[in-house]
Structure formats: structure tokens, C-alpha cells
Number of protein chains: 2
Amino acid sequence: MKFEVTILGSSSSTPIFNRNPTAQLLNVNEKFILIDCGEATQNQLLHFGLKANRIDQIFISHLHGDHYLGLVGLLSSLHLNGRTKPMDIFGPPELKEIIDLQFRHSQTFLRYPLNFNVTNPSKSSKIFENYDIVVESFPLDHRIPCTGFRFTEKQRLRKMIKEKIEELNIPTEQVQLIKKGASFTDKKGKVHLAKDLTTDADRPKAYVYCSDTICSWKYLDFIKDSDTLYHEATFLHDMLARAEETFHTTALQAAEVALKSNTRKLLIGHFSARYRELDPLLTEAKTLFPNTFLAIEGMTFEI
Amino acid sequence: MKFEVTILGSSSSTPIFNRNPTAQLLNVNEKFILIDCGEATQNQLLHFGLKANRIDQIFISHLHGDHYLGLVGLLSSLHLNGRTKPMDIFGPPELKEIIDLQFRHSQTFLRYPLNFNVTNPSKSSKIFENYDIVVESFPLDHRIPCTGFRFTEKQRLRKMIKEKIEELNIPTEQVQLIKKGASFTDKKGKVHLAKDLTTDADRPKAYVYCSDTICSWKYLDFIKDSDTLYHEATFLHDMLARAEETFHTTALQAAEVALKSNTRKLLIGHFSARYRELDPLLTEAKTLFPNTFLAIEGMTFEI
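Nothing here was measured: the structure is a model prediction, and the numbers come from that model.

**Quick notes on the pattern of salt bridges**
Residues and elements named next belong to chain A.
No. 1: Taken as a whole and judged by the stated rule, the model has 38 salt bridges over all chains.
No. 2: In this structure, the salt-bridge partner of Glu-30 is Arg-54, at a minimum N-O distance of 3.5 Å. With Glu-30 in the loop between β2 (23–28) and β3 (31–37) and Arg-54 in the loop between α1 (41–47) and β4 (55–59), the pair connects residues that are 24 residues apart, well separated along the chain.
No. 3: Two residues, Arg-242 and Glu-245, come together in a salt bridge whose shortest N-O distance is 3.4 Å. In this pair, Arg-242 and Glu-245 both sit in helix α8 (residues 240–245), 3 residues apart, roughly one turn of the helix.
No. 4: Exposure remark for Glu-245: the relative accessible area of 53% places this residue in the exposed category.
No. 5: Beyond isolated ion pairs, a larger network of salt bridges with shared partners links Lys-2, Glu-30 and Arg-54.

**Overview of the packing of aromatic side chains**
All names here are of chain A.
No. 1: Considering all chains together, one arrives at 22 aromatic pairs over all chains under this definition.
No. 2: With a centroid separation of 6.4 Å and an interplanar angle of 50°, the aromatic rings of Phe-149 and Phe-151 are classed as tilted.
No. 3: Judged by its relative accessible area of 0%, Phe-149 is buried.
No. 4: For Phe-151, a relative accessible area of 0% translates into the label buried.
No. 5: Of note, Arg-83 hangs over the ring of Tyr-112, and the distance from its end group to the ring centre comes to 5.4 Å.

**Points about the UniProt feature "binding site: Zn(2+) 2" (unreviewed entry) in chain A**
All names here are of chain A.
No. 1: Those places that UniProt annotates as "binding site: Zn(2+) 2" (unreviewed entry) correspond, in this numbering, to Asp-66, His-67, Asp-212 and His-270. These annotated residues cover 205 residues of sequence, but their C-alpha atoms sit close together, with the largest distance between any two at 10.4 Å.
No. 2: Within the secondary structure, Asp-66 is located in the loop between β4 and α2 (71–80).
No. 3: For Asp-66, the contacting residues outside a window of four places in its chain are Ser-12, Ser-13, Pro-21, Thr-22, Gly-38, Asp-212 and His-270.
No. 4: Its location among the elements puts His-270 in the loop between β16 (265–269) and α10 (279–288).

**Thoughts on the sheet that holds strand β18 (residues 300–302) of chain A**
Each strand in a sheet pairs with its neighbour through backbone hydrogen bonds, running either in the same direction (parallel) or in the opposite one (antiparallel).
Residue and element names in this part refer to chain A.
No. 1: The strand order β6-β5-β4-β3-β2-β1-β18 describes an open sheet built from 7 strands, whose pairing is mixed. Strands with a single pairing partner mark the edges of an open sheet, and in this sheet they are β6 (114–118) and β18. Each neighbouring strand pair of the sheet contributes to a mean axis angle of 20°, computed without reference to strand direction.
No. 2: Across 3 bridges, β4 lies against strand β5 (residues 87–91) in parallel orientation.

**A look at the relation of the copies chain B and chain A**
No. 1: When chain B is brought onto chain A, the operation consists of a screw motion whose angular component is 180° and whose axial shift is 0.1 Å, with 0.1 Å RMSD remaining. What the rotation and shift describe, once combined, is the action of a two-fold rotation axis. Taking C-alpha positions as reference, the residue of chain B nearest the rotation axis is B:Ala40, located at 2.7 Å.
No. 2: The share of interface residues of chain B whose copies in chain A are also at the interface is 100%, consistent with both copies meeting through the same surface.

**What to know about the sheet that holds strand β16 (residues 265–269) of chain B**
All names here are of chain B.
No. 1: Spatially, β7-β8-β9-β14-β15-β16-β17 is the arrangement adopted by the 7 strands of the open sheet, whose pairing is mixed. Of all the strands in the sheet, the pair left with one neighbour each is β7 (125–129) and β17 (292–294). Looking at each pair of strands side by side, their axes are set apart by 20° on average, direction ignored.
No. 2: Here strand β9 (residues 147–153) runs beside strand β14 (residues 206–210); their pairing, made up of 4 bridges, is antiparallel. From the neighbouring strand, Thr-152 faces β14, where its bridge partner is Ala-206.
No. 3: With respect to the sheet, helix α9 (residues 251–261) is in contact with β15 (228–232) and β16, its orientation differing from that of β15 by roughly 150°.
No. 4: Together, β16 and β17 form the strand contacts of helix α10 (residues 279–288), whose direction differs from that of β17 by roughly 170°.

**Quick word on the UniProt feature "binding site: Zn(2+) 1" (unreviewed entry) in chain A**
All names here are of chain A.
No. 1: As annotated in UniProt, the feature "binding site: Zn(2+) 1" (unreviewed entry) corresponds to His-62, His-64, His-142 and Asp-212 in the numbering used here. These annotated residues cover 151 residues of sequence, but their C-alpha atoms sit close together, with the largest distance between any two at 10.3 Å.
No. 2: The exposure class assigned to His-62 is buried, which follows from its relative accessible area of 0%.
No. 3: When sequence neighbours within four positions are dropped, the list of residues in contact with His-62 reads Asp-36, His-67, Tyr-68, Pro-92, His-142, Ile-144, Pro-145, Cys-146, Ser-211 and Asp-212.

**Here we look at the environment of A:Gln42**
No. 1: Here A:Gln42 shows up in helix α1.
No. 2: Taking the C-alpha atoms as reference points, A:Gln42 and A:Lys126, 84 residues apart in sequence, are found 28 Å from one another.

**Description of helix α2 (residues 71–80) of chain B**
Residues and elements named next belong to chain B.
No. 1: Among the 10 residues of α2, 9 are classified as buried, and the element is accordingly described as predominantly covered.
No. 2: Listed as buried for α2 are Leu-71, Val-72, Gly-73, Leu-74, Leu-75, Ser-76, Ser-77, Leu-78 and His-79.
No. 3: Residues of α2 that are buried make contact with β3 (31–37), α1 (41–47), β4 (55–59), β5 (87–91), α3 (93–105) and β6 (114–118).
No. 4: Once α2 ends, the next one or two residues include Gly-82, with phi positive near 90°.

**Description of the interface of chain B and chain A**
No. 1: Facing 32 residues of chain B, the contacting portion of chain A comprises 32 residues.
No. 2: The closest approach of N and O atoms between B:Arg104 and A:Glu97, which form a salt bridge, is 4.0 Å.
No. 3: Run the count over chain B and chain A and you get 10 residue pairs in polar contact (both at pLDDT 80 or more).
No. 4: Of all the elements in the fold, those that place two or more residues in the side of chain B that touches chain A are α1, α2 and α3 of chain B.
No. 5: The biggest single contributor to the side of chain B that touches chain A is α3(B), with 7 residues.

**Here we look at α3(B)**
No. 1: Taking 1.5 Å as the rise per residue, α3(B) with 13 residues should run 18 Å; its terminal C-alpha atoms sit 19 Å apart, in good agreement.
No. 2: Among the residues making up α3(B), those that are buried are B:Leu95, B:Ile98, B:Ile99, B:Leu101, B:Gln102, B:Phe103 and B:His105.
No. 3: Where α3(B) is buried, its residues contact α3 (93–105) of chain A together with α2, β5 and β6 of chain B.
No. 4: After α3(B) finishes, the residue B:Gln107 shows a positive phi value of roughly 50°.

Rules and cut-offs
Residues numbered from 1 in each chain as written. Chains lettered and ligands numbered in written order. Predicted model: local features only at pLDDT ≥ 70, side-chain atom pairs only at ≥ 80, totals over all residues. Heavy atoms only, no water. Salt bridge = Lys/Arg side-chain N within 4 Å of Asp/Glu carboxyl O. Helix = DSSP H or I, 4+ residues; strand = E, 2+ residues; numbered from the N terminus. Buried < 20%, exposed > 50% of the residue type's maximum accessible area, 1.4 Å probe, protein only. Phe/Tyr/Trp six-rings, centres within 6.5 Å; stacked < 30°, edge-to-face > 60°. Lys NZ or Arg CZ within 6 Å of the ring centre and 35° of its normal. UniProt positions renumbered as here; feature names shortened; annotations may be inferred. Contact = heavy atoms within 4.5 Å. Pairing = 2+ DSSP bridges. Axes fitted to C-alpha atoms, helices over the stretch in contact; angles between N-to-C directions. Least-squares fit on C-alpha atoms with pLDDT ≥ 70 in both. Polar contact = N/O pair within 3.5 Å; in protein donor to acceptor, adjacent residues only side chain to side chain. Expected span 1.5 Å × (residues − 1).

This is the structure we're talking about:
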């Protein structure tokens, strides 16, 4: 199944050099999830030809403006464009207050149900699941309460060996049962065990999103063994003191987290406005973790 | 003195077709005023190479998102970029609540003073003046409380006739006094009246900004005899019923307002997302008021 992330913003705090504040669009089997929603996220969706109305869940990590200021505009536009299907939002409790206040004063009564789900910034918990994935939030360590998110594919059924279907004349309606473990008896009365008709299911993949945080090992347990890890890398390591003071991470530290958490691929983003050129951040991270990529606007990464 | 307006957004309700929601930058003698601040206004300022930190006053007409959702992001960025000089904001009282709530939850403590001035959507009043201009707000007629703004240059001193300075050897320190009406006695003892040494001052110019409103004659008194009138023109006149239902104006009606209010130049904007091409709106307005222009992104108009 499709499992990929498209980057809509790579900038920390302020938009600059054609970089936008943080937002990412996750495609999970052609269902769409938005992760954070900095100002002008709806413009970015338009710009990249992505349909905002296909988004059904929005996860907001914390209440610094560069991670959520585009939310009310996006929700309003969906309303004005006639959305009727529900939208699920996951975020800090105060976010609901912010949304409600603005809709109250603009006298906006959404045409679609907005389901608000409060995240807990102090402990890890499963906050959402559907047929395809499970989403867990976990605490990060920032200046204000902040959560990361882990998106893990559900365990799939075993895969049918196509040749066996033909060979044994297996009816279509039996295939699902066999994938789930049922045996199959052929016309001659011979019993075939499910394990002989199928191969192992694909290993469930995981995408981990670590927005703003000081580099710490407290959240290592929640992010380990992912297939792709997004981790903020606001500064180069020569700015470590500044990173610690502002509860952010350096590119080298992000690579260290990637290494220690045993991910396969690292995406770095949330770059300080001081860096017009991003290559030094990439180079620094790669010294420790070669499979690192810049999470910049318009890039799509397979998880 | 310089008195001109640069358009940062021309779209109604949602960003589309590279059109942004409403915002305008007014240059009054090289001092800058922002009028409305739709989402991504700070991106538009960056895009057009305009320095956000030169803005000292922001006027917000009403609390529909397309007129103010860029404000908190802009104020945050100014803070993060080290602004220390005060910012004056003029808008509905509820706007303060919206700003305060978001800064409280992001734990943002601005490094610069933010002076909030409440506008009154039910009666016209002078809300600001400096050496160069006077700003008045006046009621418009929209779905929620909404004010227009009138920016009028201050009456200037009379203009000195340069030749007289040389001819009569008038000392520099006397010039200001003469402009203010003082007589001048030359070396031979002859008294010259101020009116003979000066010419009439330039007539003070006025810019009127009518954001969202149903077309009505209630606000005609407040907008008459302007040099440039910005008036919303959300729809073509064949959509009059829809315009009235949503408390908006058609291009033809905007032209009628221009005509009746005796303005010299009409700018139309706030175009519905249904119009990819804007020429029909311009053509329609011009049938009644030929000196009409499309107020689109990046255009600068002398008042």
C-alpha cells in the first residue's frame, strides 16, 4: 500500500527564502493526513496540486504559531468549498479554545463535523487507528508542551501465492480466509495448509514525526525501529548552545537520534532562517547518518 | 509627499489562482500602514520585497478570517526578528482576545509594545492621526460588524515661491513662518504679505477603503470626495442575489458607489474564487465608472 509523506514547509518560526513553516501531508493508502499546519499551508497544498478536501485527520504537535497558524484558514476554506464529511483534529486542548474563539467571532458555523481529540503531552498513547494505521503520540521536550507522532501500518494478512490459486482452482471467496489462516481442501480432498499457500505479510512500516524538541533520550523508546524518522534540525552543531537554550536540535544531534533509534531513513527540517543554504546541515547529519535527506517543500518520500 | 497603496491580496474568502486574501500596504510619506492582514500577508510582503518592520499601524476591518488570519504570524515574526518599536493595531475588540489567547498559549512575550485600539463598527470616528494623516473608521454593512477606513492627508502649509526667497533675501528660518501666514519685512522696510510670497498648498488627498459590505448608501457620507476609493466587488452583477445574500457588492454596484461618492479613481478587489479571469469584472465596472482598476497582487496605485 502507498505510504509516503510530502513536505509542505521546512522553515522554523518565520517564512523566508520561499520556505514555509511546518506542515506535512501523509498519504496512507490514498487516505490523507496532515501533520502540523503552519501559516499558508492551504496555499502550499494549492501550489503542489494537493486536494485539501482529501485530508481526514490533522495532527498538531504544539501551539507555536509556525506549527498551527494555518489551521483556521484551512478549516474555513474547506467549509466555504462545501465540505460535508467529518474532520478529525488531534492536538493540545488549548487549540480547541483557539479554533472555537475565532469561529465564534467570525460567526462561522462549519457545514461539516469537526471532531476535536485532545493529545496528552506528558505520556505516550494511542490516539487514532483505522483499517490501515495506528497513530500514537508521545512527549517531546520543548519550551511549551509538545508531542511527536508515530504512524504505524497495521499488521497485514499473509500474501497469497498467485500460482497456487490457478494450480488448485481456489475460489475467490476462499482467498481472504486462507490469508487469515484457513486451510484449503482441493477437489481430490487433499488439505493444503495456509502456510503452504501464502508467504509472510509485508512488515508494517512506521513513520515517526519529531517536531520541535531539544535533543534528549527521553523519547527514544517511542521512536525506535521506524522506517522513516522526521526530526527537526534547526541549527548546525556549532550553534549547540543556542539550540539548547531554545529547546531545539542540531543536525548532528538529529543524526545521532536516527542512529540510536535504529531508523532506516532520516528526514531533517525546521531550518533556522539564518541558513539560506541547507547543504551544510545535510552534510553535517550525513557524517553520522548517511541516509539523511532534506525535508524541503514539494519533496515526497516513501516511508 | 508620497501617498500610495500596494495591493497584497485580491481574493475573497479563500486563496486561489495565485490570489491571496485581503491585505494592502499604504505608504504615507515613507511611513507604512497595513490595511487588513489575510493569511500569508507576511509571505506577500517578502515576495514583493516590502519590509514588514517598517509598518507602524495595522487596521483590521472585521473578523472574517480572510481579513485578519495573517496577523498573529506577522506580529510573531516581527518579534522573532528583533522588533522593539511599538506597533499600533486598530480593530474590533474581539481581535485583542484572539491575539492575546494565541500569544498566551504559545507563551510569546512580545519584545515590542503592542498598542491595541478598539474600533467602533456602529459610528464614524477619528481613530488615528500623525503629522501626515488622519484616519477615520466608519460603519459598513456586512454579515458581522465591519468598518471601512478613510485616510486623509493633513492640510499642508502654503508653498513658498522659490524666486521670492532669492529676490528678497529671505532667511531660511523665516520661511516656515511665512508658510504659516507671517508677513516679511525686507531690508528697505517694505512689508510683504504671506499670500504674495506663497501659493496655495496642495489639496489634501484621501484614500477610502471599503472592505466587505453590501452595497448601501448608508456609508456614502463617509466616503465622498476621495481621490482613490477601494471598494470590494466580489461578484459580477448577474450574481446580485448572491451578493445581497452574502452581504457583498457587485462590480457594477462598486462603480455606482464610486460615481455617487465623487471619487477620482476606483480600485476593485475581493474577487470571488469563481472568477479565474477578472477582466469581466473590470469591464462591468468601467461601463459606469471608466477610471476603474483591478486591485491585484503587486500593483501600486498613487492615491
